[in-house]
Amino acid sequence: MTCSICSREDREQVDLAIVSREPQRAIASRFGVSRAAVQRHALRHVSPAIASLQAERVEQGATSLLNRVEALILRTERLLSAAEQSGAVTTALSAVREQRELLRLLDD
Ligand SMILES: [Zn+2]
């Protein structure tokens, strides 16, 4: 089955919304697609990487702020390499920006 979102020109915007945890029904209405399509795309095409990052964060138990920041940096690193591999330039750039912000937090 063809994914109606993968074939969109603005797929990266959709990916970014998914990665930012925007509610799927909001993404669906913003991009004029069905929620089922968003859900399917998120599950099959965006998420293998993201899901493993989320699981990892839960496993780490990330209690202190420092742990949380470090876990987030790890996530953005994984996200960045996943985005690079899939050619999602916008997503990769936003991961870089997020990582820079997080590193700045650690500097304080
Ligand atoms: Zn897709």
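Everything here concerns the structure above.
Report on the accompanying structure. (Residues numbered from 1 in each chain as written. Predicted model: local features only at pLDDT ≥ 70, side-chain atom pairs only at ≥ 80, totals over all residues.)

When helices and strands are tallied, the protein chain shows five helices and zero strands. Reading the helices (α) and strands (β) of the protein chain from amino to carboxyl end gives α-α-α-α-α. The long-range fraction of contacts in the protein chain, counting pairs at least 24 apart against all pairs at least 6 apart in sequence, stands at 53%. (Helix = DSSP H or I, 4+ residues; strand = E, 2+ residues; numbered from the N terminus. Contact = placed C-beta atoms within 7 Å.)

Tracing the sequence through the fold places Ser-86 in helix α4 (residues 65-86). C-alpha of Ser-86 to C-alpha of Val-46: the two residues are 40 residues apart in sequence and 9.5 Å apart in space.

Turning to helix α1 (residues 11-19), a few remarks are in order. By the criterion of burial, α1 is predominantly enclosed, with seven of the nine residues buried. All of the buried residues in α1 are Arg-11, Val-14, Asp-15, Leu-16, Ala-17, Ile-18 and Val-19. Immediately downstream of α1, the backbone of Arg-21 shows phi near 60°, a positive value. (Buried ≥ 20, exposed ≤ 12 C-beta atoms within 10 Å, placed from the backbone.)

Interpretation note: all reported values are geometric properties and have no functional meaning in isolation.
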